[in-house]
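The lines below spell out each chain.
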Amino acid sequence: AKCGMIFFPGALVDRTAYAPIASKISDFGVLVVIANHEKYSRCMLDFKNFKYKEEIMRMMYDALCSSSSGAWQVDEWALCGHSWGGSIAIVAMAKEMSSTMKKLVLWGVSSYPSEVSHSGGCDSLRDVKGMNVLVLCGSNDSYVKLNGPGTEKHEEFLAKL
């Protein structure tokens, strides 16, 4: 795989639910690693003490060394996330990973992490040189409808990406 993707699941979504989409993405030669947040009971409230870089680097290492035919070779990594997992990806990228990764994929995310939800919020990604962001939203997603186009939260979201 030339590309690798670290994917953070939504808060109340079992990580195995993403297996079908991960399989389809891997058909294009992308190594997909889905984070396991079971040890956090799927609800991380203490973002100040979460070691983003340490966890992400561990997942990358584990994925690269898990092949039965030798180590994988990945030239470029992306952080991705669905819903709450997208917020984790944004915070991780803004706080620690922007020097290592330059691609961010957000699925079903329509608002930027706030100070209340993420212990101090995070800096804007707009100023990170070379950052590429892809935002995917479904038209029937009720959360996206609440915070989507035409809302103040959405305008703030777009301004910071």
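None of the values given here were measured: they were computed from a predicted structure.

Some thoughts on the pairing of strand β1 (residues 3–8)
Counting buried positions along β1 yields 5 of 6 residues, so the element is predominantly enclosed. For the handedness criterion, the β-α-β arrangement of β1, helix α1 (residues 19–26) and strand β2 (residues 30–34) is classed as right-handed. Bridge count for β1 against strand β3 (residues 76–82) is 6 bridges, and the pairing is parallel. Residue Ile-6 lies in a different strand from β3, and its bridge partner there is Leu-79.

Concerning the confidence of the model for the protein
For the protein, per-residue confidence averages 76 on the pLDDT scale, and residues scoring 70 or more make up 68% of the total. Averaged pLDDT values for the elements of the protein fall to 66 in helix α4 (residues 142–147) and rise to 94 in α1.

Description of the pattern of salt bridges
Two side chains carrying opposite charge are able to pair once their charged atoms lie near each other. For the structure shown, the criterion picks out 2 salt bridges. Its salt-bridge partner being Asp-75, residue Lys-2 comes within 3.8 Å of it at the nearest N-O pair. One end of the pair, Lys-2, is in the segment before β1; the other, Asp-75, is in the loop between α2 (52–64) and β3, with 73 residues separating them in the sequence. For Lys-2, a relative accessible area of 59% corresponds to the exposed category. For Asp-75, a relative accessible area of 52% puts it in the exposed group. Between Lys-103 and Glu-76 there is a salt bridge, and its shortest N-O distance comes to 3.4 Å.

Calculation notes
The written sequence of each chain sets the order in which its residues are numbered from 1. This being a predicted model, a pLDDT of at least 70 is required before a residue's local features are given, and a value of 80 or more before pairs of side-chain atoms are given or counted; all residues contribute to the totals for chains, interfaces and linings. Water and hydrogen atoms play no part in the side-chain values, which are based on all heavy atoms of the structure. Here the term buried applies to any residue with accessible area under 20% of the maximum for its type, exposed to any over 50%, and partly exposed to those in between, with areas from a 1.4 Å probe on protein chains only. Secondary structure elements are taken from DSSP: a helix is a run of H or I of four residues or more, a strand is a run of E of two residues or more, and numbering for both begins at the N terminus. Looking down the strands as they point away from you, a crossover is right-handed if its path from the first strand over the helix to the second goes clockwise. Here, a strand pair is defined by DSSP locating no fewer than two bridges between the strands. Confidence of the prediction at every residue is given by pLDDT, a number between 0 and 100. Salt bridges are identified by distance alone: a Lys or Arg side-chain nitrogen within 4 Å of an Asp or Glu carboxyl oxygen.

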